[in-house]
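# Overview (structure and organization)
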Amino acid sequence: MTDMSNPIPARAGKSKSTVIDAARLKKRYRAEARFRWYGIAAIGFACAFLVLLLSDILLKGLPAFEANTVTLDVALDDSKIDAGAISKGNYNSIVNSAIRAQFPGVTSRSDRRALPKLLSFDAADKVRREVIANPSLIGTTRSFDLKLSDEADLFLQGMSTDEFDIPVTGSLSIEASGDGFRLTSSGNDFAGVLARVKQRLETRRDRLSLDASKLERVRDRLAAEIPVAEAAVAEAGSEATNTHPAKRRVAKLQADTSSVAAALARLKAQTDELSASIDNHSSAETLTPVLPSYFVRLPEKGVVKIAEIGSDYIIGQAYMPVAATGAVAAGSWSLVEYSQPEADRRINDKEIIWLTSLRDAGMVESRFNWPFFQRGDSREAEVAGVLGGMVGSALTLLVTLLLSLPIGVAAAIYLEEFAPRNRLTQLIEVNINNLAAVPSIVFGLLGLAVFLNFFGLPRSSAMVGGMVLALMTLPTIIIASRAALRAVPPSIREGALGVGASHQQAVFHHVLPLAMPGILTGTIIGMAQALGETAPLLMIGMVAFIVDVPGGFSDAATVLPVQIFLWSDLPEAAFQAKTAGAIMVLLGFLFLMNALAVFLRKQFERRW
Amino acid sequence: MDAAVMEADTRHKTIMTPAEPLIMQQGTPKIVTEDVTVHYGDKQAIFPLDISIPDRAVSAFIGPSGCGKSTFLRCINRMNDTIPICRVGGRITIDGSDIYDPDLDVVQLRARVGMVFQKPNPFPKSIMENVAYGPRIHGLARSRTDLEEIVVNSLKRAGLFEEVKDRLDAPGTSLSGGQQQRLCIARAIAVNPEVILMDEPCSALDPIATARIEELISELRENYCIVIVTHSMQQAARVSQLTAFFHLGTLVEVGDTEAIFTNPQERRTQDYIMGRFG
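Reference entry: report on the structure contained in this document.

Cut-offs applied
- Residues numbered from 1 in each chain as written.
- Chains lettered and ligands numbered in written order.
- Predicted model: local features only at pLDDT ≥ 70, side-chain atom pairs only at ≥ 80, totals over all residues.
- Axes fitted to C-alpha atoms, helices over the stretch in contact; angles between N-to-C directions.
- Helix = DSSP H or I, 4+ residues; strand = E, 2+ residues; numbered from the N terminus.
- Parallel < 35°, antiparallel > 145°, perpendicular 65-115°, else oblique.
- Left-handed = near helix turned anticlockwise from the far one by under 90°.
- Contact = placed C-beta atoms within 7 Å.
- Nonpolar A, V, L, I, M, F, W, Y, C, P; charged D, E, K, R; others polar.
- Pairing = 2+ DSSP bridges.
- Buried ≥ 20, exposed ≤ 12 C-beta atoms within 10 Å, placed from the backbone.
- Core = buried A, V, L, I, M, F, W, Y, C linked by C-beta atoms within 7 Å.

### Examining the packing of helix α13 (residues 462–486) of chain A against helix α15 (residues 503–531) of chain A
All names here are of chain A. Two elements in contact, α13 and α15, have axes separated by 8 Å at closest approach and are oriented at 150°. Accordingly, the angle class assigned to the pair α13 and α15 is roughly antiparallel. For the pair α13 and α15, the sense of crossing is right-handed. Only V511, A515, G518, I519, T521, G522, T523, I525, G526, Q529 and A530 of α15 make contact with α13, whose side of the interface consists of L469, M472, T473, T476, I477, A480, S481, A483, A484 and L485. Classifying every residue of the contact of α13 with α15 gives 12 nonpolar, nine polar and no charged.

Printed below as a string of structure tokens:
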């Protein structure tokens with residue numbers, strides 16, 4: 001440590017310690033900085049997951065809050081409505097005529113039957129309600145905003161398929177060809193589309209090759225097993241009849257081998273065919289439902305679906321009437337691609353074309369889906385709503401609160417302040433702590449056995465659900481309340497006793513008000529937990545399909561988490577959006593409850 | 001005398017200095033104890049103790065830390081009942097009646113025997129509420145105006161009214177330390193007690209606040225029996241008329257304050273007063 005050129009300082013010990021101190025200081029700073037970064041990393045991690053979760057739910061759920069309607073002029077034909085029996089009028093026919101009137105060019109029987117399917121199944125109901133309310137409408141023509149079906153809704157929100165406008169430059173020339181049309185363009189507009197199609201074919205071929213190679217592996221494995229099986233047969237010798245296991249095995253292996261070979265041959269044929277198409281860049285392609293759909297939009301609302309595409313021509317059918325053959329100026333026609341193949345989506349090409357024509361005419365309106373909050377559950381995706389779940393949850397939670405809060409707080413006060421300290425109370429305390437950790441489904445079983453089977457209370461009702469959840473929440477509230485009571489400084493209690501308050505007065509007038517913030521926090525935590533519980537409620541039967549909104553505590557009800565659970569199982573894409581939408585509603589509830597907790601804490605907080 | 005015998009003797013016998021303190025000759029004693037013992041579980045904290053405490057006077061308990069003076073003080077208003085492992089033996093009487101009589105309501109006792117604690121502990125309520133709480137629960141006021149009158153009088157007697165008269169709704173915890181202690185004293189006298197116990201009331205306060213409280217104690221002496229535990233001998237000398245010296249759970253010596261401080265009979269008392277220990 002000493003430097004020979006400098007005299008040794010008088011207090012060598014001190015300077016030595018400053019060097020060590022500097023090193024130690026640096027080490028400490030580094031450790032602190034590291035710790036800070038760990039903390040930031042942890043928070044960042046948690047936030048990232050939160051953002052991920054919320055954005056996923058948001059993206060999936062927002063379509064549920066949007067509903068599309070089409071504005072139609074509906075002729076309230078008095079031949080279909082009998083003034084004496086208004087509610088029994090043939091409103092379906094009225095509504096169907098209204099939508100068919102928008103498509104005079106649609107003539108085939110099957111198409112005319114398919115058109116009304118664009119509307120929601122209860123569109124007719126809306127008209128009926130209006131006419132019942134206002135019978136003077138009979139015989140007039142009035143404009144109605146009619147709800148579209150769930151598949152139409154999803155398409156308009158972009159959830160069924162992507163819609164691409166392909167830029168075109170040239171002018172088009174149309175000529176009739178067979179029962180369709182042949183179109184050519186002065187610009188090189190179709191080559192790009194052809195290339196895209198070929199690309200899709202290539203993807204398909206690659207996938208088929210993958211399947212083929214998997215099958216080849218299977219075939220090789222079978223081939224390896226055959227000699228082994230045949231050896232087993234040889235071993236069995238003369239006692240081997242045709243039903244001997246070894247022989248049966250050989251037979252099975254041979255059958256498998258031949259079927260694999262056949263499948264491989266088919267795959268090879270398909271891949272060869274595809275390769276031929278792909279390799280020839282300019283050969284024409286026939287568009288099948290496993291490929292994306294392409295349309296040409298013409299003036300006067302004409303639409304042609306492309307059935308065959310070459311590098312410089314298109315052959316297709318008219319999906320909307322073509323006004324005239326001949327030349328179409330550049331800029332007044334366009335190409336559209338719907339990327340999801342028709343075979344992979346629920347809405348077919350005709351329906352898409354009809355919808356887009358309504359949309360382009362400005363008759364489609366998108367608005368906030370209030371009925372989502374006003375209707376109960378339904379098997380039809382477009383009318384299913386969360387009101388049943390919300391009311392059920394609210395009623396159940398009310399019962400839970402009314403039962404668990406007074407009992408829990410009273411129990412906590414008694415155990416903490418008044419109960420003698422002996423083996424029994426210790427046992428009770430241990431058991432309460434254990435109950436807090438019991439899986440919630442066990443409470444459901446308890447509810448089933450005691451409340452439903454023994455007491456015979458109404459199944460699936462908010463009352464029983466609330467009682468089960470109250471049992472589940474009690475330990476949480478008791479433990480939180482006890483902790484809050486214990487946290488009140490003994491000086492307050494002694495001050496009260498010193499003035500001549502009885503124990504009871506000291507607890508209720510002084511200790512309890514100071515413990516309120518902690519008790520409230522524990523209660524809201526317990527309530528929030530109860531709001532999200534599904535398992536115990538499933539046990540008491542709240543898994544049924546409840547359509548009506550519960551009117552009281554003993555009506556059959558469902559709760560939001562169970563509703564979410566039921567909807568998530570259903571196949572329609574619209575229900576997937578509604579599941580996420582209901583999750584958003586549930587999260588909204590929870591945020592509100594937590595905000596209430598924070599507010600109440602601030603209100604009751606007193607400094608001591 | 002044999003030192004060991006003397007030791008054994010003095011451990012269980014109180015020496016009165018002089019034979020009968022002058023203060024005691026002025027009237028009947030308020031509080032009389034006979035053979036009082038206190039055990040915390042197995043540990044004995046107070047050995048058999050006999051003392052008579054006079055009315056309308058200040059009695060001071062002095063002694064080193066842990067000698068049992070606070071424990072004994074808390075016996076007088078039965079605050080030790082709140083400690084489960086604490087057992088009190090012997091007899092304590094106030095005005096002749098045993099306070100540990102099972103027929104006696106301890107809540108009523110605590111209304112007659114008020115207490116002021118070491119660290120000021122006003123309720124986290126308004127100043128008015130702090131003082132009004134006691135009278136309200138004991139039914140001392142017939143109407144709201146009565147209650148307000150009691151509160152104002154108590155605050156005046158505690159010497160706090162002038163400072164807080166325009167903010168009676170402010171929280172009690174918003175006052176300074178000295179003011180809080182005076183509030184606690186006001187709270188104690190609002191229920192009209194006969195005895196006021198003070199457990200080191202000034203130990204958490206600055207000298208000026210201490211002086212004010214001592215002044216207050218001297219004023220209150222005319223109407224109440226005050227027992228004060230203090231670790232400051234100077235305070236005991238200033239404020240009290242009777243002084244009792246405790247050591248290791250034993251009451252070593254009790255007598256007129258002047259006599260104890262000028263002419264203590266016991267060796268231990270002498271040592272303590274001279275500052276040789278404690």
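Following the structure, the description resumes.
### So, the interface of chain A and chain B
Taken together, the contact pairs 17 residues of chain A with 21 residues of chain B. Mapped by element, the contributors of at least two residues to the side of chain A that touches chain B are α14 (490–498) and α15 of chain A. Of the residues forming the side of chain A that touches chain B, the biggest block, six residues, is contributed by α14(A). Within the side of chain A that touches chain B, the residues separate by chemical class into six nonpolar, seven polar and four charged.

### Remarks on the sheet that holds strand β12 (residues 364–368) of chain A
Residue and element names in this part refer to chain A. Pairing in this open sheet of three strands is antiparallel, and the strands run β2-β1-β12 from one edge to the other. Only two strands of the sheet have a single neighbouring strand rather than two, namely β2 (141–147) and β12. Here the average twist between neighbouring strands, direction ignored, is 35°. As paired elements, strand β1 (residues 66–75) and β12 share five bridges and run antiparallel to each other. Looking across to β12, one finds that T69 is bridged to E365. Relative to the sheet, helix α2 (residues 91–101) contacts β1 and β2, its axis offset from that of β1 by approximately 95°.

### A word on the environment of A:P289
Secondary-structure assignment places A:P289 in the loop between β6 (285–286) and β7 (293–297). Between the C-alpha atoms of A:P289 and A:D344, which are 55 residues apart in sequence, the distance is 8.4 Å.

### Considerations on the environment of A:S275
Residue and element names in this part refer to chain A. Examined against the element boundaries, S275 turns out to sit in helix α7 (residues 245–279). Given 14 C-beta atoms within a 10 Å radius, S275 is considered partly exposed. When the C-alpha atoms of S275 and L397 are compared, they prove to be 63 Å apart, with 122 residues separating the residues in sequence.

### Points about the nonpolar core
Residues A:V95 and B:I226 are the most contacted members of the largest nonpolar core, which totals 194 residues. Aside from chain neighbours lying at most four places away, what touches B:I226 is B:V58, B:I196, B:M198, B:I217, B:L220 and B:R221.

### Some details on the sheet that holds strand β2 (residues 29–40) of chain B
Residues and elements named next belong to chain B. The sheet built from four strands is open, its strands ordered β3-β2-β5-β6 with antiparallel pairing. If you trace the sheet from one side to the other, it starts and ends with β3 (43–54) and β6 (97–98), each paired once. Across eight bridges, the pairing between β2 and strand β5 (residues 86–94) is antiparallel. Residue H39 lies in a different strand from β5, and its bridge partner there is R87.

Any link to function would need more than the numbers given here.
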